[in-house]
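Residue-level listing of the chains:
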Amino acid sequence: MPHFIIEYTSNIKSDAHIPALLEKANKILISKSPTFPIGGIRSRAIELKDYYIADGQADDAFVHATLKIGSGRSEQEKASVCDELFTMMKEHFQELYDHRYFALSMELYEFSEAGTYKWNNIHGRFKKTLL
């Protein structure tokens, strides 16, 4: 953890520069290490082809982000990473916002470690490089 998940409407695919957005998100999350272990960071995007926005009469678009983290971070740590991610997203999508109807949102989802299952040897790679 954390996992950063973007959902975006297909009508902005050519202008949204999603791979660049994911890279920016990972850089922010990596900068928060050790709050977030580098080997657990995942960013991904899901293109939505079936959606309906507002009254359906305009070519509206949206991007919704979810940051999933395990419990144990302070309120200050959570606010810091969320503020930085959302600011980055607003800057990333400024041109879209200026030229079309567009909604941007983000939520933080925090859960306990109980009930989660993980098998990950990526962490080891970063522990070796930090020594």
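Heads up: the structure comes first, above all this text.
Residues numbered from 1 in each chain as written. Predicted model: local features only at pLDDT ≥ 70, side-chain atom pairs only at ≥ 80, totals over all residues. Heavy atoms only, no water.

Draft legend 1. Spotlight on the pattern of salt bridges. The final tally for this structure, using the stated rule, is six salt bridges. Between lysine 78 and glutamate 110 there is a salt bridge, with the nearest N and O atoms lying 2.8 Å from each other. Residue lysine 78 is found in helix H3 (residues 75-92), and its partner glutamate 110 is found in strand S4 (residues 102-111); the two are separated by 32 residues along the sequence. Each of Glu75, Lys78 and Glu110 takes part in a single network of salt bridges with overlapping partners. (Salt bridge = Lys/Arg side-chain N within 4 Å of Asp/Glu carboxyl O. Helix = DSSP H or I, 4+ residues; strand = E, 2+ residues; numbered from the N terminus.)

Draft legend 2. Summary view of unusual backbone geometry. The residue after methionine 1, namely proline 2, is reached through a cis peptide bond having omega 15°. Relative to the elements of secondary structure, proline 2 occurs in the segment before strand S1 (3-9). In this structure, proline 34 follows serine 33 across a cis peptide bond, with omega equal to 15°. As for its placement among the helices and strands, proline 34 is situated in the loop between helix H2 (18-31) and strand S2 (42-48). In this structure, histidine 17 is a non-glycine residue whose phi angle is positive, near 50°.

Draft legend 3. Summary view of the packing of H2 against H3. Where H2 meets H3, the closest approach of the two axes is 10 Å, and the angle between their N-to-C directions is 155°. With respect to each other, H2 and H3 are oriented roughly antiparallel. The two elements H2 and H3 cross, and the hand of that crossing is right-handed. Contacts between H2 and H3 involve Ala20, Leu21, Lys24, Ala25, Ile28, Leu29 and Ser31 on the former and, on the latter, Val81, Glu84, Leu85, Met88, Met89 and His92. Looking at the contact of H2 with H3 residue by residue, the class counts come to nine nonpolar, two polar and two charged. (Axes fitted to C-alpha atoms, helices over the stretch in contact; angles between N-to-C directions. Parallel < 35°, antiparallel > 145°, perpendicular 65-115°, else oblique. Left-handed = near helix turned anticlockwise from the far one by under 90°. Contact = heavy atoms within 4.5 Å. Nonpolar A, V, L, I, M, F, W, Y, C, P; charged D, E, K, R; others polar.)

Draft legend 4. Highlighting the side chain of aspartate 60. Tracing the sequence through the fold places aspartate 60 in the loop between S2 and strand S3 (61-70). Salt bridges are absent for the buried aspartate 60, whose nearest opposite-charge side chain, arginine 100, sits at 6.7 Å. Residues within four places of aspartate 60 in sequence aside, it is in contact with Asn11, Tyr51, Ile53, Ala54, Arg100 and Tyr101. (Buried < 20%, exposed > 50% of the residue type's maximum accessible area, 1.4 Å probe, protein only. Lys, Arg positive; Asp, Glu negative; His and termini not counted.)

Draft legend 5. Structural detail: the sheet that holds S2. Across the sheet, which stays open at both edges, the four strands sit in the order S2-S1-S3-S4 with mixed pairing between neighbours. Here the strands that pair on one side only, and so sit at the sheet edges, are S2 and S4. The mean inter-strand angle of the sheet, taken between neighbouring strand axes irrespective of direction, is 15°. Sheet contacts for H2: S1, S2 and S3; angle to S2, the most-contacted strand, approximately 150°. (Pairing = 2+ DSSP bridges.)

That is the geometry; function is a separate question.
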